[in-house]
Amino acid sequence: MRYTVIGAGAMGLRYGILLQEHTDAHVDFIDAWAPHIDKIREQGGVYVSRDHENRQLIPINLYTPEEYDGDPDVWIIFMKQMQLEDMLGRCAHLFKDHQVAFSAMNGWGHFEKIAQYFSEDRIYGGTALVATVLNGPGDVDFIGKSGAGTMHMCAMTNKVTDIEKAIFEDFKQANLNPEISDDFKGMCMAKIVFNSVVNTLCTMYQITMGQFISYPGARDMAMQLINEAYDACERAGIKLINTRAEELESVDYVSRTGNPLHYPSMYQDMSRGRKTEVDYINGYIAKIGREHDYVCRTHEFLTHGVHLAELAFQYH
Ligand code: NAD
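A brief look at the structure comes next.

Reading the values: rules and limits
- Residues numbered from 1 in each chain as written.
- Predicted model: local features only at pLDDT ≥ 70, side-chain atom pairs only at ≥ 80, totals over all residues.
- Heavy atoms only, no water.
- Pairing = 2+ DSSP bridges.
- Helix = DSSP H or I, 4+ residues; strand = E, 2+ residues; numbered from the N terminus.
- Expected span 1.5 Å × (residues − 1).
- Buried < 20%, exposed > 50% of the residue type's maximum accessible area, 1.4 Å probe, protein only.
- Arc of directions from axis to C-beta.
- Lys, Arg positive; Asp, Glu negative; His and termini not counted.
- Salt bridge = Lys/Arg side-chain N within 4 Å of Asp/Glu carboxyl O.
- Polar contact = N/O pair within 3.5 Å; in protein donor to acceptor, adjacent residues only side chain to side chain.
- Contact = heavy atoms within 4.5 Å.
- Right-handed = clockwise from strand over helix to strand, strands pointing away.
- Near = heavy atom within 4 Å.
- Areas by Shrake-Rupley, 256 points an atom, 1.4 Å probe, with all protein chains shown as cover.
- Nonpolar A, V, L, I, M, F, W, Y, C, P; charged D, E, K, R; others polar.
- Domains from an automatic or database assignment.
- Axes fitted to C-alpha atoms, helices over the stretch in contact; angles between N-to-C directions.
- Phe/Tyr/Trp six-rings, centres within 6.5 Å; stacked < 30°, edge-to-face > 60°.

**Digging into the sheet that holds strand β7 (residues 100-103)**
Here is step 1: An order of β5-β2-β1-β6-β7-β8-β11-β12 is seen for the eight strands of this open sheet, with the pairing classed as mixed. Both edges of this open sheet fall to β5 (62-63) and β12 (178-180), since each of them pairs with a single strand only.
Here is step 2: The pairing of strand β1 (residues 2-6) with strand β2 (residues 26-30) spans five bridges and is classified as parallel. Paired with R2 across the strands is H26, a residue of β2.

**Thoughts on helix α5 (residues 162-173)**
Here is step 1: The end-to-end C-alpha distance of α5, which contains 12 residues, comes to 17 Å, matching closely the 16 Å that a straight helix rising 1.5 Å per residue would cover.
Here is step 2: If you check which residues of α5 are buried, you get E164, I167, F168, D170 and F171. Looking down the long axis of α5, one finds its buried residues gathered within 165° of arc, a one-sided arrangement.
Here is step 3: Remark: N175 follows α5 within two positions and exhibits a positive phi of approximately 65°.

**Brief notes about the side chain of E228**
Here is step 1: With respect to the secondary-structure elements, E228 resides in helix α8 (residues 218-236).
Here is step 2: Among buried Asp, Glu, Lys and Arg side chains, E228 stands out as unpaired, with R297 the closest opposite charge at 7.0 Å.
Here is step 3: A distance of 3.1 Å separates the side chain of E228 from the backbone nitrogen of H299, its partner in a polar contact.
Here is step 4: For E228, the contacting residues outside a window of four places in its chain are Y294, C296, R297, T298 and H299.

**Overview of the pairing of β2**
Here is step 1: For β2, the buried fraction is high: four of the five residues fall into the buried class.
Here is step 2: Note that the unit made of β1, helix α1 (residues 10-22) and β2 has a crossover that is right-handed.
Here is step 3: Summarising the sheet, β2 and β5 pair through two bridges and their orientation is parallel. Residue pairing for β5: I30 is matched across the bridge by Y63.

**Points about the site of the ligand**
Here is step 1: Among the 22 residues in the neighbourhood of the ligand, the closest are listed as M11, D31, T132, R274 and E277.
Here is step 2: In the environment of the ligand, an oxygen atom lies 2.8 Å from a nitrogen or oxygen atom belonging to the backbone of M11.
Here is step 3: One nitrogen or oxygen atom from the side chain of K80 is found 3.0 Å from an oxygen atom belonging to the ligand.
Here is step 4: Within the complex, 89% of the 800 Å² of free accessible area of the ligand lies under protein.
Here is step 5: Listing elements by their share of the shell around the ligand, those giving two or more residues are α1 and β9 (132-136).
Here is step 6: Taken together, the residues of the shell around the ligand break down into 10 nonpolar, seven polar and five charged.
Here is step 7: Structurally, the shell around the ligand is a two-domain feature, drawing no fewer than three residues from each of domain 1 (2-182) and domain 2 (186-315).

**Some details on the sheet that holds β9**
Here is step 1: Spatial strand order, β4-β3-β10-β9: four strands in an open sheet with mixed pairing. Looking at the sheet topology across the chains shown, the edges are occupied by β4 (53-58) and β9. Strand-to-strand twist of the sheet, defined as the mean angle between neighbouring strand axes without regard to direction, takes the value 25°.
Here is step 2: Sheet topology places β9 next to strand β10 (residues 139-142); four bridges connect them, and they run antiparallel. Residue pairing across strands places T132 opposite F142, the latter belonging to β10.
Here is step 3: On the sheet, helix α2 (residues 34-43) packs against β3 (46-50), β4 and β9 and is oriented at approximately 90° with respect to β3.

**Brief notes about the pattern of salt bridges**
Here is step 1: Taken as a whole and judged by the stated rule, the model has 18 salt bridges.
Here is step 2: Two residues, R274 and D269, come together in a salt bridge whose shortest N-O distance is 3.2 Å.
Here is step 3: In this structure R274 comes out as partly exposed when scored by relative accessible area, which is 37%.

**Examining the pairing of β4**
Here is step 1: Bridge count for β3 against β4 is four bridges, and the pairing is antiparallel. Bridge pairing links V46 to I58 in β4.
Here is step 2: Connecting β3 to the next strand, β4, in antiparallel fashion are two residues, including D51 with a positive phi near 55°.

**What about the packing of aromatic side chains?**
Here is step 1: Tallied over the entire structure, the rule returns 14 aromatic pairs.
Here is step 2: Summarising the aromatic geometry, the rings of F102 and F171 are spaced 5.1 Å apart at their centres and angled 70° between planes, so their arrangement reads as edge-to-face. Highlighted residues: F102 in strand β7 and F171 in helix α5, separated in sequence by 69 residues. Of the two residues examined, F102 and F171, each falls in the buried class.

Right, dumping it as structure tokens:
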């Protein structure tokens, strides 16, 4: 199978390099961040650490959208929400009818943009519960021991296809621990609600996931956000793949045991002066509420809270 990763950032590198190392797949990468591309070319690859250790130089095939002329079976898309429209526009000349697109980006907004280039039956979504940090240009850290993290994947049509089974097998070999779901929206929303708690609160208060969950009121705060999100989803007719109680346990487990030392990617963006994806996470939950006669007061407030934190960070 041939994969081309659009967005050789933290997650794109993790998926692409693990596929390149553990499967027969051919993997190419496309990126547009010039300092990153220049560094990778200058050093002859990407420096990859595994849980902060064993830093090794891994060669990769990296192109800008304008240089690339490959024809993969599967596009793996891992941009930040705000960058995606522009990047897809730059890659548009490469998209063909026989190809499929897979993306496990956080939040909601990417599938509408991807659907401008791929029919619904050729779009596969995912949710990745794993932590990866781009330390800087040409340098990435796959947090967690080998095989850390889990992911769900699902066709946008909810139907399991042969190509999905083939991607699943490759992801499995690559130690990404995939599970196939049969409910696209319910799967995506469960991750959005998770992120609306952990990413958002850790970012606003500039703390790790472990520090957040060690606060005695953390579960109450999480439950309030979960309840509000589930109330909005119920009004919109969206059933999540987790119950409210399971969602709370997932927040607790991943923060306390999974990645206690990790600052979520939203914090990493803010701390580097980049915009966060909050509008696509808490902002999206609030939008679902607004569209269904329900005000998600806490999610509305936290969307502002993160934007205010982005601003406050600039003053420090
Ligand atoms: P990333 O920021 O590392 O990379 C995304 C793109 O941004 C890449 O093209 C990269 O080259 C570029 N980029 C990185 N730093 C930049 C800078 N300073 N200026 C300009 N461009 C820059 O993003 P990611 O962490 O790989 O996230 C991709 C998607 O996956 C997001 O939706 C994210 O929420 C989601 N996600 C991330 C993680 C994680 O642990 N990193 C886990 C699960 C899901």
